[in-house]
Amino acid sequence: GGAMSFLKRFPPPAEGVRHQQPETEAVLAGRTLGAGTLYIAESRLSWLENSGVGFSLDYPTISLHAVSRDLSAYPWEHLYVMVNARVGEEETKEAPVAEGEEEEDSDDDVEPIAEFRFVPSDKSALEAMFSAMCECQALHPDPDDEDSDNDYEGEEYDVEAHELEQGDIPTFYTYEEGLSHLTAEGQATLERLEGMLAQSVSSQYNMAGVRTEDSIREFEDGMEVDVAPPVVAGQFEDAEVDH
Amino acid sequence: MEVSHSIKERTIAENSLVILLQGLCGHVTTVDLRDESTATGRVTSVDAFMNVRLAEVTFTDRQGTVSRLDELFVTGRNVRYVHIPDEVDIRATIERQLQAIHRVRYFGGRDKGRKEFPRAKHK
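Definitions and cut-offs
- Per chain, residues are indexed from 1 in the order of the written sequence.
- To label them, take the chains in the order written and letter them from A, then take the ligands in the order written and number them from 1.
- With pLDDT at 70 or above as the cut-off, local features in this predicted model cover only qualifying residues; side-chain atom pairs require 80 or more to be listed or tallied, and sums for whole chains, interfaces and linings still use all residues.
- Side-chain metrics in this entry use all non-hydrogen atoms of the structure; hydrogen atoms and water are not considered.
- UniProt positions are given in the numbering used here, feature names are shortened, and annotations may be inferred rather than shown by experiment.
- For helices the rule is a DSSP run of H or I covering at least 4 residues; for strands it is a run of E covering at least 2, with both sets numbered from the N terminus onward.
- Residue exposure (1.4 Å probe, protein chains only): buried if accessible area is under 20% of the type maximum, exposed if over 50%, otherwise partly exposed.
- In what follows, residue pairs with any heavy atoms lying within 4.5 Å of each other are defined as contacts.
- Computed by Shrake-Rupley with a 1.4 Å probe, the accessible areas treat only the displayed protein chains as cover when residues are assessed.
- Strand pairing requires that DSSP identify at least two bridges connecting the strands.
- In what follows, a disulfide is any cysteine sulfur pair within 2.5 Å.
- Buried Ala, Val, Leu, Ile, Met, Phe, Trp, Tyr and Cys residues form a nonpolar core when they are joined through side-chain atoms within 4.5 Å.
- The angle between two axes is taken between their N-to-C directions and runs from 0 to 180 degrees, where each axis is a line fitted to C-alpha atoms and a helix contributes only its stretch in contact.
- Throughout, the term roughly parallel applies to angles under 35 degrees, roughly antiparallel to angles over 145, roughly perpendicular to angles from 65 to 115, and oblique to all others.
- For any helix crossing, the convention is left-handed if the near helix is rotated counterclockwise from the far helix by under a right angle, and right-handed if that rotation is clockwise.
- Within 3.5 Å is the distance limit for a polar contact, defined as a pair of N or O atoms, with the added protein rule that one can donate a hydrogen and the other accept it, and that residues adjacent in sequence qualify only through two side-chain atoms.
- Within this document, salt bridges are pairs made up of a side-chain nitrogen of Lys or Arg and a carboxyl oxygen of Asp or Glu, the two lying within 4 Å of each other.

The name an unreviewed UniProt entry gives chain B is LSM10 protein, with Nyctibius bracteatus as the organism.

You'll find chain A entered in an unreviewed UniProt entry as Methylosome subunit pICln, with Nyctibius bracteatus given as the organism. Regarding chain A, the relevant UniProt record gives this comment under Sequence similarities (unreviewed entry): "Belongs to the pICln (TC 1.A.47) family."

Structure (structure tokens):
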């Protein structure tokens, strides 16, 4: 009972585990909870003692995490995790805000925090543990963020997709990845464009000032390029031709 | 120059002052946290949700205890202030970040003609 009562038995996470570190001691508010395995998963952070009991922390409740190698502050190199909640005295997995109001402490209106330290026996793993936590934390942006106007549904997303001529894309690509996701038609269009740009450099196609009805197209970057047949009718219909 | 690979994050950054914070990468700065602790270190990255990653950090907790942390990640929710270093030219930083975003958005080497980007008409 007591401070350890928040430890529960549960199976280790099976999905989305970005990093797993065995032989890791967990320390809460200066008191050791034993040795076990830390699971840094996309859904939550979990630690399971070798006996099979442990606890989980939800990323929205974690205010910060850090790698500490300052032995004068704490005698072992560790991953420090600060949680926005009272843990251990009363079981709570949610930040005080979620319960409606901040809980008042005996120390005036100080927010309760819980300090965890995860001490791996393998110190060299701390970088990987830290990075994995950064990645997982970034997957849980603050839903209660009232200060910013981040209501970017629809139009703004579509601006980029539209200009990339890929329409309503369901996933986000880096531009290298994006190239490999082009449809066959997109790939053909890209090759045609690149071919035309290459051709426009060579003198035999340098026909500036000569226009035929359906041949010359202007691209966004201001280059005038002779379009060699075949040209798919309407293929540039949705391109921006704004100068 | 780091630009997010996420279209959503680029859009958010482009439309808020987070873009200024993202331009602070490599600079040493102080972040005041919501619980009144402070962290001074070199900015590694700032994402669109204002999550800040710092390296070589001097951390002063709310009781005033000072310690060093090799790396620190603070969630945006817990950031109260980010101090802009004196040597940073704010306007130039914002413009540089915007250019970086536009270079990524219009890949294919088209940024040469980008001076005529539609928004420029409002100048």
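When helices and strands are tallied, chain B shows 3 helices and 5 strands. Along its sequence from the N terminus, chain B presents helices and strands in the succession α-α-β-β-β-β-β-α. Residues classed as buried in chain B amount to 50% of the 123 residues present. Considering only intrachain contacts with a sequence separation of at least 6, the fraction spanning at least 24 residues in chain B is 49%. Summing over all exposed atoms, chain B offers an accessible surface of approximately 6300 Å²; the carbon and sulfur share of this is 49%.

Counting secondary structure elements, chain A contains 4 helices and 10 strands. Ordered by position from the N terminus, the helices and strands of chain A form the series β-β-β-β-β-β-β-β-α-α-α-α-β-β. Each of the 243 residues in chain A was classed as buried or not, and the buried ones make up 37%. Long-range contacts, defined here as pairs at least 24 residues apart, represent 54% of the contacts in chain A between residues at least 6 apart.

Here we come to the pairing of strand β4 (residues 45–49) of chain A. Residues and elements named next belong to chain A. Of all 5 residues in β4, 4 are buried, a share of seventy percent or more. Taking the residues that link successive antiparallel strands as the turn, the strand β3 (residues 31–41)-β4 hairpin has 3 residues. When β4 meets strand β5 (residues 53–57), the two strands line up antiparallel, connected through 4 bridges. Counterpart to Leu 48 in the pairing with β5 is Gly 54. In this antiparallel pair of consecutive strands, β4 and β5, the connection spans 3 residues, and Gly 52 shows a positive phi of 105 degrees.

We now examine unusual backbone geometry. All names here are of chain B. Even without glycine at this site, Glu 36 takes up a positive phi of about 75 degrees. Secondary-structure assignment places Glu 36 in the loop between β1 (28–33) and β2 (38–46). Since its relative accessible area comes to 59%, Glu 36 is described here as exposed. Positive phi outside glycine occurs at Glu 56, with the angle close to 50 degrees. Within the secondary structure, Glu 56 sits in strand β3 (residues 52–60).

A word on the state of the cysteines. Residues and elements named next belong to chain A. What the rule picks out here adds up to 0 disulfides over all chains. Cys 134 takes part in no disulfide bond, and the closest cysteine sulfur, belonging to Cys 136, lies 9.5 Å away. A residue is classified by how much of its surface remains accessible, and Cys 134, at 7% relative accessible area, is buried.

In this section: the pairing of β3 of chain B. Residue and element names in this part refer to chain B. Across 7 bridges, β2 lies against β3 in antiparallel orientation. Note that in β3 the partner of Val 46 across the bridge is Val 52. The hairpin turn running from β3 into strand β4 (residues 66–74), its antiparallel successor, is 5 residues long, and Gly 64 in that turn takes a positive phi close to 100 degrees.

Moving on, we come to the nonpolar core. Leu 45, Phe 55, Val 81, Phe 116 and Phe 118 of chain A are the most contacted members of the largest nonpolar core, which has 32 residues in total. When residues of this core are traced back to their parent elements, those giving at least two are β2 (17–28), β3, β4, β5, β6 (62–68), β7 (78–83), β8 (114–120) and α1 (126–138) of chain A. Element by element, the count of residues in this core is highest for α1 of chain A, at 7 residues. Residues Met 82 of chain A together with Leu 21, Val 46 and Val 57 of chain B belong to the second largest nonpolar core, which totals 21 residues.

The subject of this paragraph is the packing of helix α1 (residues 7–14) of chain B against helix α3 (residues 90–105) of chain B. Residue and element names in this part refer to chain B. Running from N to C, α1 and α3 point in directions that differ by 150 degrees, and their axes come no closer than 11 Å. Viewed along their axes, α1 and α3 adopt a mutual orientation that is roughly antiparallel. Along this stretch, α1 crosses α3, giving a crossing that reads as left-handed. For the pair α1 and α3, the contacting residues are Arg 10, Ala 13 and Glu 14 in the first and Leu 98, Ile 101, His 102, Val 104 and Arg 105 in the second.

Time to look at α1 of chain B. Residues and elements named next belong to chain B. In terms of burial, α1 is a largely internal element, 7 of the 8 residues being buried. Along α1, the residues classified as buried are Ile 7, Glu 9, Arg 10, Thr 11, Ile 12, Ala 13 and Glu 14. Its side-chain oxygen at 3.3 Å from the backbone nitrogen of Lys 8, Ser 6 defines the N-terminal cap of α1.

So, about the pattern of salt bridges. A full pass over the atoms with the stated rule returns 12 salt bridges over all chains. A salt bridge links Glu 127 of chain A to Arg 69 of chain A; its shortest N-O distance comes to 3.6 Å. One end of the pair, Glu 127 of chain A, is in helix α1; the other, Arg 69 of chain A, is in the loop between β6 and β7, and 58 residues separate them in sequence. By relative accessible area, Arg 69 of chain A is classed as partly exposed at 27%. For Glu 56 of chain B, the salt bridge is made with Arg 42 of chain B, and the minimal N-O distance between the two is 2.4 Å. Of the two residues, Glu 56 of chain B is situated in strand β3 and Arg 42 of chain B in strand β2; the sequence distance between them amounts to 14 residues. With relative accessibility at 31%, the residue Arg 42 of chain B sits in the partly exposed group. One network of salt bridges, with partners in common, ties together Arg 69, Glu 77 and Glu 127 of chain A together with Asp 70 of chain B.

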